[in-house]
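Report on the structure
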Amino acid sequence: MSRAHFFIEGRLANLLGESYSTCELALKELIDNAWDADANNVWITLPEDGLSENCTIIIQDDGLGMTEDSIKKEYLHIARDRVKSKGLYTIEKKRKVKGKKGIGKFAGLTLAGKMNLNTKSNGRCAELIIDKSKLIDVDINLNELDINIENCKVEPFEHGTTIYLSEFNPSFIMPGLEKLKKILLLEYGREPNFNIYINDKILCVENIGGEHFQFNHSLGKNKDIILNFNITEKRLKKNDSGIVLRVSNKIIGQPQFWGIEEDESIPMKLLHKVYGEVEANFLLEFTTNSWGILENTRDYQELKAFICEKVTTELHKKFKEEIKIQTKNIEKKLELQLSRLPENRRKYASKRIKNILKNFYGESEAKIDIIINVMIEALEKDIYFDIIDNINIASEQDVHTFAEALNEFGLADVGIIAQQAKTRLKFLDYLQKLVNKKDTLEKDIHKAIEQNMWIFGYDYNMMGSNVTTASIIDKFYNKHFTGNRANKRPDLLLNKGYKNAYLLIEFKRPSIKIERVHEMQALEYRDDLKEFIRNAVIDIIVLGGTVNSNILDDTQNLKLMSFDELIAEARTQLEWLIDELKRV
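The following paragraphs examine the structure supplied in this document.

Rules behind the numbers
Residues numbered from 1 in each chain as written. Predicted model: local features only at pLDDT ≥ 70, side-chain atom pairs only at ≥ 80, totals over all residues. Heavy atoms only, no water. Helix = DSSP H or I, 4+ residues; strand = E, 2+ residues; numbered from the N terminus. Salt bridge = Lys/Arg side-chain N within 4 Å of Asp/Glu carboxyl O. Buried < 20%, exposed > 50% of the residue type's maximum accessible area, 1.4 Å probe, protein only. Core = buried A, V, L, I, M, F, W, Y, C linked by side-chain atoms within 4.5 Å. Expected span 1.5 Å × (residues − 1). Arc of directions from axis to C-beta. Contact = heavy atoms within 4.5 Å. Disulfide = S-S within 2.5 Å. Phe/Tyr/Trp six-rings, centres within 6.5 Å; stacked < 30°, edge-to-face > 60°.

Another point: the environment of alanine 107. Residue position: alanine 107 is located in the loop between helix H4 (82-86) and strand S3 (112-121). In the structure, alanine 107 is positioned 82 residues away from leucine 25 in sequence and 8.5 Å away in space, judged by C-alpha atoms.

Put into structure tokens, the structure is as follows:
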């Protein structure tokens, strides 16, 4: 019997360094090491002019540092189980350990070719250099690679670790400053006695991004309040959002919304954009031994009321501003559809759009578009205005009847959209029957779909054919498909939409399988149409019974679709809409 052993190549260190998806996360790993070393402060120095081969990134902390012996037995021990050897919590501050896999030491090698480690502990300073190129090039077992550790004497009170990253890969760019700040703030921003400085500026609430607010207030002598919070651009995770209470630099309890969540006019998805803290040192006398807070005191309740008032005011402003901007953008995209409505209905449509945006705040743009699109179609078909007439009649009767009519309108608003969605589902059933018939021709499909562009999704529903686009197609036919080619005319529909965008649809009969030759033909049609449409984007959709699975959708602005695929996508959107409306 013979024995074998794992042979660990130096390339392993490089692979471990590449396990971080971004430079910012790699730097965070080095900050985690400072946390685990019980540091009070970390200083990060980034070059002002971006990364270059000659610049240096410095991460310095005032933690416990390491001795030469601990470097050999612990730091250079790859994949060491920190929790197993030293426990779940740090030695002095009893912090929960971040680094558990023993590979954080290679984080710096994600973007740097060389990592210089200088660490001080117990009156000694140890220094070593990890060179990425030497690790990769080494053809011996990593266990046998010599690493020189320089050692010298320092003052007994000196402690901490400094890492110098240099010799950067020229293909990398500087770690995003704002992104790095946000990552570190969400992880450490509410930790007491752990300050992070980036280029000599301390990390604070402002760095979370979005719009910042600060309010100073006093409840009386020596009862000062400092409220700092941001309303971020994107929603934060549930455990990250909210405002924490800081008393004598100690975080008390978890982030909370201070009663604002009871205001139904503020969507929870907007509330989860709030990140902040309130400093109220005068509450120290009302803290418990376990650092809780006595909430049934007058001072605490007055603090809560102050926070609620200030944050609620700014959230209402933000909500109103966002809805206004969204409404304006949607009306611009809906310009073609709205133009078909009489003046009074256009004004009414704007009001309904605002209400939909409020009710579905935080949903994706695509989902909002579906709902609004169905609502506009209902307006086009007079459904809403039958209900308005009923309200007008009720207004001439007693107040109670009038109030009931207004209340029912809100319910009807949801019901109308749901009914319209169900009607569209019924249309899809009929369309499916049509495409399933073997004798269905291109012109049959064209006729069925031309006035139902919602099937293609919201963006294309904004488009429509008109006299001009029909004329362009006629000119195209007359130039390229006359004489012997007249019977080879493709069945084309040209629609025009928002921002000078066009959509060219070629209809194939359901019995046709779309092949590469059909794709090339469609591209030729687009090139020929450029003679009549200059300086415009023309999307193409080729519709047929099936699509050759070997054809990849890798051509810009061109999509090959089967009728089954088109109908299935439209059905999924409508079923989602109906399900959502049940919750409103």
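Right, let's talk about the pattern of salt bridges for a bit. One pass over the structure, following the stated rule, counts 18 salt bridges. With its nearest N and O atoms 3.6 Å apart, the salt bridge here joins aspartate 69 to lysine 73. Of this pair, aspartate 69 and lysine 73 both sit in helix H3 (residues 68-75), four residues apart, roughly one helical turn. Put simply, glutamate 531 and lysine 479 hold a salt bridge, and the shortest N to O gap is 2.7 Å. Of this pair, glutamate 531 sits in the loop between helix H17 (516-529) and strand S17 (537-544) while lysine 479 sits in helix H16 (residues 467-480); the two residues are 52 residues apart in sequence, bridging distant segments of the chain. On the accessibility criterion, glutamate 531 (44% relative accessible area) is partly exposed. Exposure remark for lysine 479: the relative accessible area of 48% places this residue in the partly exposed category.

Here we come to unusual backbone geometry. With phi around 55°, asparagine 193 is a residue other than glycine that occupies positive phi space. Locating asparagine 193 in the fold gives a position in the loop between helix H6 (177-188) and strand S7 (195-198). Asparagine 193 gets classed as partly exposed once you look at its relative accessible area, which sits at 45%. The backbone of aspartate 200 shows a phi angle near 70°, a positive value even though the residue is not glycine. As for its position among the elements, aspartate 200 is in the loop between S7 and strand S8 (201-202).

We now examine the nonpolar core. Grouped together as the largest cluster of nonpolar side chains are 80 residues, with contacts concentrated most on Leu245, Leu283, Ile372 and Leu543. One finds Leu51, Ile59, Leu184 and Phe194 within the second-largest nonpolar core, a separate group that totals 45 residues.

Now for H16. Over its 14 residues, H16 extends 20 Å from the first C-alpha to the last, a length consistent with the 20 Å expected when each residue adds 1.5 Å. Taken residue by residue, H16 has Thr469, Ile472, Ile473, Phe476 and Tyr477 as its buried positions. The buried residues of H16 occupy one face: seen down the axis, they fall within an arc of 135°. Summarising the geometry of H16, the exposed residues directed more than 90 degrees from the buried face are Val467 and Thr468. Along its buried surface, H16 packs onto strand S14 (491-496), strand S15 (501-507) and H17.

All told, the structure shown has zero disulfides when counted by the stated rule. Residue cysteine 152 stays outside any disulfide, its sulfur separated by 4.3 Å from that of cysteine 125, the closest cysteine. On the basis of relative accessibility, which here comes to 38%, the residue cysteine 152 falls in the partly exposed class.

Let's shift gears to H6. If you check H6, its first and last C-alpha atoms are 16 Å apart, about what twelve residues at 1.5 Å a residue would give, namely 16 Å. Turning to H6, its buried residues are Leu180, Lys181, Ile183, Leu184, Leu185 and Tyr188. Where H6 is buried, its residues contact helix H2 (23-36), strand S1 (41-45), S7 and strand S13 (274-279).

Inspection of the entire model under this criterion finds 14 aromatic pairs. Ring centres of tyrosine 188 and phenylalanine 194 lie 4.8 Å apart, and the angle between their planes is 50°; on these two criteria the pair is classed as tilted. Neither residue differs from the other here; tyrosine 188 and phenylalanine 194 are each classed as buried. Arranged with centres 5.4 Å apart and planes meeting at 80°, the rings of phenylalanine 319 and tyrosine 361 form a pair that is edge-to-face. Of this pair, phenylalanine 319 sits in helix H8 (residues 298-333) while tyrosine 361 is found in the loop between helix H10 (343-359) and helix H11 (365-380), placing the two residues 42 residues apart along the sequence. Side by side, phenylalanine 319 and tyrosine 361 carry an identical accessibility label, which is buried.

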